[in-house]
Amino acid sequence: MKANIPNRIILPEEKTPTQWYNLRADMPEKPPALLNPGTGEPLKVEELFPIFCEELARQELNNTDAWIDIPGEVLDYYKTFRPSPLHRAYRLEEELGTPARIYFKFEGNNTSGSHKLNSAIAQAYYAKAQGLRGLTTETGAGQWGTALAMACAHFKLPLTVYMVKGSYNQKPYRRSIIHTFGAEIIPSPSDTTNAGRAILAQMPGTTGSLGCAISEAVEKAVTNEGFRYVLGSVLNQVLLHQSVIGLESKAALELYDEYPDLVIGCAGGGSNLGGLIAPFMQDKLQGRANPRILAVEPASCPSLTRGKYVYDFCDTAKVTPLAKMYTLGSGFIPGANHAGGLRYHGMSPMLSKLYHDGYMEAVSYEQTTVFGAAAEFSKVEGILPAPESAHAIRAAIDEALKCKETGEAKTILFGLTGTGYFDMTAYEQYLNGTMSDVIPTDAQLEASEPQS
Ligand SMILES: *Cc1c(COP(=O)(O)O)cnc(C)c1O
């Protein structure tokens, strides 16, 4: 029967999710509360209203409702690119000679090229519904900026994107797409904010950082009437929206009586992984199944595998609330790595708690071995993966090779979060042998360690 599983499974419309799943509601121990950095007290929802849309602030603190209706307008938009296909990687299995059955959920089939559109469209919807005048955000590698620009174009909502100057200069076509969708895009640091001007005065030639871009985007939002700031990862609300990835995957596997022994995802701030694993983790928490859950991170930015589980700021400029999470310290600047979307010092507080309590494992890989997996995968499966996604591919290949040794026919599911068309410079470096691996020393990690 299992031989009849198609190469590409598309969930029928009547089985596609109409609600997001909020895993926190089913966690026996909740992630520790966000704290107000001024008072050290748990944040109240009203305290988030000046920065975030009200409904999103409520979702952020909601630890009780397991299921939240996806608004009709968001569902309509999802229909333009969802359900995303669940692929059976037959050719990869054959290439590896593994008895494992490998599945991947492919989120790169929309123009923005990644899973980030799942949350971008929801966030833009709530901003529009609240009657806001516009949004601000930051983008590093550019995937989040692109997704949010698409979503804001749909709802005719003005958007200002602060893009880290280094990537702004390195990825000119990323910024052209964002511009085409009608968003204003400003290289950060810029002279449009106090934060940006201060940094420019100190370091005129700097290529910027995510922390600095966040400070500029937050300042722009709070100093402009009717504007709010939105974020594309880390937050509970983002993991909530991304639960569509896991819900669709589980339903698609069920059509063929399949259930994963192992679920693998790359982890930057944790949004795709949190979304992919959500319904499987529910089964695990409620004792219905016991799949292994594996987070994959870059060796250059190893938050889970080498960070500490403490309260820390979510940004470098220390303007955001304090979150208890695995962190390398908000001052940690990761070494050069082409998986821009994984260069974040912290990790989703929810995933941090699950990892801390032993429900999840984590592993880190150096970028040359990750690009090796990307190249191998692209040749057999015909999809050019994003460097971030390739971390999950690396781990899936290694787990499938272990199955080859033991002869176990495990079912492996991994998240293929996006495409890598704007990362060809990185692919070139890998192919011509000039790519290097950067791994922080213990002394470097100690230097940026969080204080709390
Ligand atoms: C942003 C991004 C990631 C990492 O972000 P998470 O919030 O950890 O999911 C992974 N893959 C792609 C393609 C991305 O754009």
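Rules of the game
Residues numbered from 1 in each chain as written. Predicted model: local features only at pLDDT ≥ 70, side-chain atom pairs only at ≥ 80, totals over all residues. Heavy atoms only, no water. 1 Å grid on protein atoms, 1.4 Å probe; cavity = no way out; pocket = protein on both sides within 12 Å on 5 of 7 lines; lining within 4 Å. Points joined across faces, edges and corners; volume = space filled by probe spheres on them. Helix = DSSP H or I, 4+ residues; strand = E, 2+ residues; numbered from the N terminus. Axes fitted to C-alpha atoms, helices over the stretch in contact; angles between N-to-C directions. Parallel < 35°, antiparallel > 145°, perpendicular 65-115°, else oblique. Contact = heavy atoms within 4.5 Å. Nonpolar A, V, L, I, M, F, W, Y, C, P; charged D, E, K, R; others polar. Core = buried A, V, L, I, M, F, W, Y, C linked by side-chain atoms within 4.5 Å. Buried < 20%, exposed > 50% of the residue type's maximum accessible area, 1.4 Å probe, protein only. Near = heavy atom within 4 Å. Polar contact = N/O pair within 3.5 Å; in protein donor to acceptor, adjacent residues only side chain to side chain. Areas by Shrake-Rupley, 256 points an atom, 1.4 Å probe, with all protein chains shown as cover. Salt bridge = Lys/Arg side-chain N within 4 Å of Asp/Glu carboxyl O. Phe/Tyr/Trp six-rings, centres within 6.5 Å; stacked < 30°, edge-to-face > 60°. Domains from an automatic or database assignment. Buried area = accessible area lost by both parts, 1.4 Å probe. Expected span 1.5 Å × (residues − 1).

Engineer: Where do I start with empty space enclosed by the protein in this structure?
Structural biologist: Space left empty within the atom packing is revealed by a probe, the size of a water molecule, rolled over the atoms. Scanning all chains against the criterion turns up 3 cavities of 30 Å³ or more. Here the largest cavity defines a volume of roughly 670 Å³. Those elements giving two or more residues to the lining of the largest cavity turn out to be β6 (134-139), α6 (143-154), α10 (210-222), α12 (271-285) and α16 (387-406). At 3 residues, α10 tops the list of elements feeding residues into the lining of the largest cavity.

Engineer: What's the story with the packing of helix α2 (residues 54-61) against helix α11 (residues 236-254) in this structure? I'm lost.
Structural biologist: Two quantities define a packed helix pair, namely the angle between the axes and the distance from one axis to the other. Where α2 contacts α11, the axes come no closer than 7 Å and their chain directions differ by 90°. Taken together, the axes of α2 and α11 lie roughly perpendicular to each other. Along the contact surface, α2 presents L56, Q59 and E60, while α11 presents N236, Q237, L240 and H241. In the contact of α2 with α11, the residues fall into 2 nonpolar, 4 polar and 1 charged.

Engineer: What exactly am I supposed to notice about the nonpolar core here?
Structural biologist: Nonpolar side chains tend to gather and get buried jointly when the protein is soluble and globular. Among the nonpolar cores identified, the biggest contains 38 residues, and W20, Y78 and L159 are the most heavily contacted of them. Put simply, the parts of the chain that give this core at least two residues each are α3 (72-78), α5 (117-129), α6, β7 (159-164) and α11. Among the elements that make up this core, the one with the highest residue count is α5 (8 residues). By size, the runner-up hydrophobic cluster in this structure holds 37 residues, among which are I245, A251, L253 and L304.

Engineer: Help me understand the site of the ligand in this model?
Structural biologist: Around the ligand lies a shell of 18 residues, among which K116, S233, G268, S271 and T417 are the nearest. Note that an oxygen atom of the ligand is positioned 2.9 Å from one of the backbone N or O atoms of G270. Here an oxygen atom of the ligand and a side-chain polar atom of N272 are 2.7 Å apart. Coverage of the ligand by the protein chains reaches 98% of its 380 Å² of free accessible surface.

Engineer: Hey, could you run me through the pattern of salt bridges in this one?
Structural biologist: Two side chains bearing opposite charge may form a pair once their charged atoms approach each other closely. Per the counting criterion, the structure on display carries 22 salt bridges. In this structure, the salt-bridge partner of K171 is D423, at a minimum N-O distance of 3.4 Å. In this pair, K171 sits in the loop between α7 (165-170) and α8 (172-180) while D423 sits in the loop between β15 (411-416) and α17 (424-431), placing the two residues 252 residues apart along the sequence. There is no split in this pair, since K171 and D423 are both buried. The partner of E399 in a salt bridge is R292, with the nearest N and O atoms 3.2 Å apart. One end of the pair, E399, is in helix α16; the other, R292, is in strand β11 (residues 292-298), with 107 residues separating them in the sequence. Beyond isolated ion pairs, a larger network of salt bridges with shared partners links R82, K105, E107 and E248.

Engineer: Even after reading the chapter, I still don't get the packing of aromatic side chains, so can you show me in this structure?
Structural biologist: The geometry of two aromatic rings is summed up by the distance between their centres and the angle between their planes. One pass over the structure, following the stated rule, counts 14 aromatic pairs. Look at F52 and Y229: their rings are 6.4 Å apart centre to centre, the planes differ by 20°, and that puts the pair in the stacked class. Placement of F52 in the loop between α1 (45-48) and α2 and of Y229 in strand β9 (residues 227-229) is noted, with a sequence separation of 177 residues between them. Owing to a relative accessible area of 3%, Y229 belongs among the buried residues under this scheme. For the ring pair F104 and F414, a centre distance of 5.5 Å and an interplane angle of 25° mean the geometry is stacked. Here F414 lies in strand β15 and F104 lies in strand β5 (residues 101-106), a separation of 310 residues in the sequence.

Engineer: Can you help me understand the domain arrangement of the protein chain in this one?
Structural biologist: The figure often quoted for interface size is the accessible area lost as the parts come together. According to the domain assignment, the protein chain consists of domain 1 (8-16 + 81-113 + 242-448) and domain 2 (19-68 + 116-236). With centres defined by C-alpha atoms, the gap from domain 1 to domain 2 works out at 22 Å. Between domain 1 and domain 2, roughly 3600 Å² of surface is buried when both sides are summed, and carbon and sulfur atoms account for 67% of that area. On the domain 1 side of the interface with domain 2, the three residues burying the most area are S112, M350 and F422, jointly 18% of the side's total.

Engineer: How should α10 be read in this particular structure?
Structural biologist: Residues that lie three or four places apart on an α-helix share one face, since the helix turns once every 3.6 residues. The terminal C-alpha atoms of α10, which comprises 13 residues, lie 18 Å apart, in line with the 18 Å expected from a rise of 1.5 Å per residue. Counting buried positions along α10 gives 10 out of 13 residues, so the element sits mostly inside the fold. When we look at burial in α10, the residues that qualify are G211, C212, A213, I214, S215, E216, A217, V218, E219 and A221. Buried residues belonging to α10 abut β6, β7, β8 (184-188), α9 (194-202) and β9.

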